[in-house]
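The chain contents come next:
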Number of protein chains: 2
Amino acid sequence: MKTGNSYDMRVEPQEVDFTLRCKTAAMCNNILNIAGTDAQRNGFGVDTLMRNNCSWVLSRFAVEFDSLPMQFTTFSIRTWVNYDGRLLSTRNFELTDAEGNVFGRSVSQWAMINFETRRPTDLNELAECYTSILSDEEPPCERPRKLFPIEPSQTMEHRIVYSDIDFNRHVNTLRYIDMMTDMLPIEFFAHPRPIRLDFHFVKEARYGQSLVVGMALQENGALFEIKSDDGAAVCRASFQWR
Amino acid sequence: MKTGNSYDMRVEPQEVDFTLRCKTAAMCNNILNIAGTDAQRNGFGVDTLMRNNCSWVLSRFAVEFDSLPMQFTTFSIRTWVNYDGRLLSTRNFELTDAEGNVFGRSVSQWAMINFETRRPTDLNELAECYTSILSDEEPPCERPRKLFPIEPSQTMEHRIVYSDIDFNRHVNTLRYIDMMTDMLPIEFFAHPRPIRLDFHFVKEARYGQSLVVGMALQENGALFEIKSDDGAAVCRASFQWR
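J.: An account of the pairing of strand β5 (residues 102-114) of chain B is requested, with residue identities and associated values reported.
T.: Strand residues, when the strand is regular, have side chains that alternate between the two faces of the sheet. All names here are of chain B. Within β5, 12 of the 13 residues are buried, which leaves the element mostly enclosed by the surrounding structure. Relative to β5, strand β2 (residues 54-65) runs antiparallel, the two sharing 11 bridges. The residue bridging R60 from the neighbouring strand is Q109, located in β5. Bridge count between strand β4 (residues 89-97) and β5: eight bridges; the pairing is antiparallel. Counted as the bridge partner of F93 is S106 from β5. Counted along the chain from β4 to the antiparallel partner β5, the turn is four residues long, and its residue G100 has a positive phi close to 90°.

This is the structure we're talking about:
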């Protein structure tokens, strides 16, 4: 049985690249924004959490795109939440085109962080509004994989600026995805292939810090590791073409 | 009489900064996206133009914000178009909060560019769908000002990457605004004041080029000039606090 809620979307002109297809980063951003919208609709959005000095923080994120839709194409994103223990919330997504074909799947894992302690908080504090929407429906694809340190063949420096940071004062997920896709050869985007992306957000990066984005290009994919100026890993990712 | 069309909006979490107010760049982006949405609704959007190998290109843009709304606040953007000769389309915007107070005004000037010649095309080619919506209502604020070369006191280099470019293969307007706001001292955003911004887009910048963003900070504002690696001005702007 299909569970959760479904949201109608359209690929807007500002989301496409020169092929007129939706950018990978823009589609990931749509998925993450729907997570926020659906959480708010169910009573556990950032608006509610912030009143208790908490916020959602994305820990791991996996996305599979068979293809990406063209400008002005309509599609829908369905999302549902699984029970995954008291400290991690697993939110799933299925992307379907106007003809009813599934073209994308995603599994995201979130922690509820307390602003003062910067530590994860027990999800049971969300009480009924959270537990009442939990679904038994399985994730639509493999959960986010564990990712390890890499030996980069290319690196790029990035000083964290105002436009990189979000309401939490740390770097926006979309900007990390941009930093990674910007290191790939541009030819890659001219002939897109089915792709699986895994992200592992290790540590917050903040305004004023500098980042080093490392990439190890492989035959059928690329591995990324972003480190802050103190050498600590901030974010790791794997892009795998199929 | 109020003319044009009005669009209901809401400040989304991904649009706010650490003060939980909508970012200046995000609000400018909303205004420009509404320009596209309204043009499409009236039959002269980029979808129609691209069939004739043309596209809209933003030439000049002025925005005034008395204040910027907080996260989850609803507001509306009303837009109308004036006749401004055969080569420039003037599109106006008025931003109103839920209580009916106007908090923002904008005037934008657009050219219709032919992809092959890269030259402006006669707007009369849009025929009835364009002329029928032209309004006599005056712009809500001073039109975009003429901007001149500057002597920057600070500069920042920026190599143009994949995530900077749009479907036209040139740098997205939002990214120019980001590059400029990112040079301002972060304290500026902690205590926002009423602001007027003027932008003058001189020349397209393309993937692979490098840009130098120059800023001259003044007592009550800042002047910007972005140049490409050949020394040519790409974009100029003036930010004026009130």
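J.: Break down the packing of helix α1 (residues 24-41) of chain A against helix α4 (residues 173-181) of chain A for me, with residues and values.
T.: For any two helices packed against each other, the geometry is given by the interaxial angle and the distance between the axes. Residues and elements named next belong to chain A. Relative to each other, α1 and α4 sit at 160°, their axes nearing to 9 Å. If you check the angle between α1 and α4, you find them roughly antiparallel. Where α1 crosses over α4, the two elements pack in a sense that is right-handed. Residues A25, C28, N29 and L32 of α1 pack against T173, L174, I177 and D178 of α4. Residues of the contact of α1 with α4, tallied by class, amount to five nonpolar, two polar and one charged.

J.: How would you explain the interface of chain A and chain B if you had to name every residue and give the values?
T.: Chain A puts 31 residues into the contact, and the matching count from chain B is 31 residues. The contact between chain A and chain B buries some 3100 Å² in all, and 55% of this surface belongs to carbon and sulfur atoms. The interface formed by chain A and chain B holds two salt bridges in total. Taking the shortest distance from any N to any O, the salt bridge between B:D178 and A:R175 comes out at 2.9 Å. In this assembly, chain A and chain B are joined by 14 residue pairs in polar contact (both at pLDDT 80 or more).

J.: An account of the confidence of the model for chain A is needed here, citing residue identities and associated values.
T.: Averaged over all residues, the pLDDT of chain A equals 93, while 100% of them reach at least 70. The ipTM for the predicted assembly is 0.91, set against a pTM of 0.92.

J.: Any details on the nonpolar core? Residues and values, ideally.
T.: A:W56, A:F65, A:Y176, B:W56, B:F65 and B:Y176 are the most contacted members of the largest nonpolar core, which has 136 residues in total. When neighbours within four sequence positions are excluded, B:F65 is seen to be in contact with B:T24, B:M27, B:C28, B:I31, B:L95, B:F103, B:G104, B:P194, B:I195 and B:L197.

J.: Residue-level account of the packing of aromatic side chains, with values.
T.: Summed over all chains, the structure comprises 22 aromatic pairs over all chains. Here the aromatic rings of A:F199 and A:F201 are separated by 6.1 Å at their centres, their planes lie at 10°, and the arrangement is stacked. Neither A:F199 nor A:F201 differs from the other in exposure class; each is buried. Among the aromatic side chains, those forming a connected cluster through ring pairs are A:F61, A:Y176, A:F199, A:F201, A:F224 and A:F239. The positively charged end of A:K23 is found above the aromatic ring belonging to B:Y162, 5.2 Å away from the centroid.

J.: So what's going on with unusual backbone geometry? Which residues, and what values?
T.: Leave glycine aside and you will find that most residues have negative phi; peptide bonds, for their part, are mostly trans. Positive phi outside glycine occurs at A:L20, with the angle close to 70°. Assessed through its relative accessible area of 22%, A:L20 is described here as partly exposed.

J.: Go over the side chain of B:T79 with me, naming the residues and quoting the values.
T.: Residue and element names in this part refer to chain B. Within the fold, T79 resides in strand β3 (residues 74-82). Relative accessible area serves as the criterion here: at 1%, T79 is assigned to the buried category. There is a polar contact of 2.9 Å between the side chain of T79 and the side chain of R91. Leave out the neighbours within four places in its chain, and T79 touches T3, G4, N5, Y7, I34, D38, R91, N92 and F93.

So, how was this worked out
- Residues numbered from 1 in each chain as written.
- Chains lettered and ligands numbered in written order.
- Predicted model: local features only at pLDDT ≥ 70, side-chain atom pairs only at ≥ 80, totals over all residues.
- Heavy atoms only, no water.
- Buried < 20%, exposed > 50% of the residue type's maximum accessible area, 1.4 Å probe, protein only.
- Helix = DSSP H or I, 4+ residues; strand = E, 2+ residues; numbered from the N terminus.
- Pairing = 2+ DSSP bridges.
- Axes fitted to C-alpha atoms, helices over the stretch in contact; angles between N-to-C directions.
- Parallel < 35°, antiparallel > 145°, perpendicular 65-115°, else oblique.
- Left-handed = near helix turned anticlockwise from the far one by under 90°.
- Contact = heavy atoms within 4.5 Å.
- Nonpolar A, V, L, I, M, F, W, Y, C, P; charged D, E, K, R; others polar.
- Buried area = accessible area lost by both parts, 1.4 Å probe.
- Salt bridge = Lys/Arg side-chain N within 4 Å of Asp/Glu carboxyl O.
- Polar contact = N/O pair within 3.5 Å; in protein donor to acceptor, adjacent residues only side chain to side chain.
- pLDDT = per-residue confidence, 0-100.
- Core = buried A, V, L, I, M, F, W, Y, C linked by side-chain atoms within 4.5 Å.
- Phe/Tyr/Trp six-rings, centres within 6.5 Å; stacked < 30°, edge-to-face > 60°.
- Lys NZ or Arg CZ within 6 Å of the ring centre and 35° of its normal.

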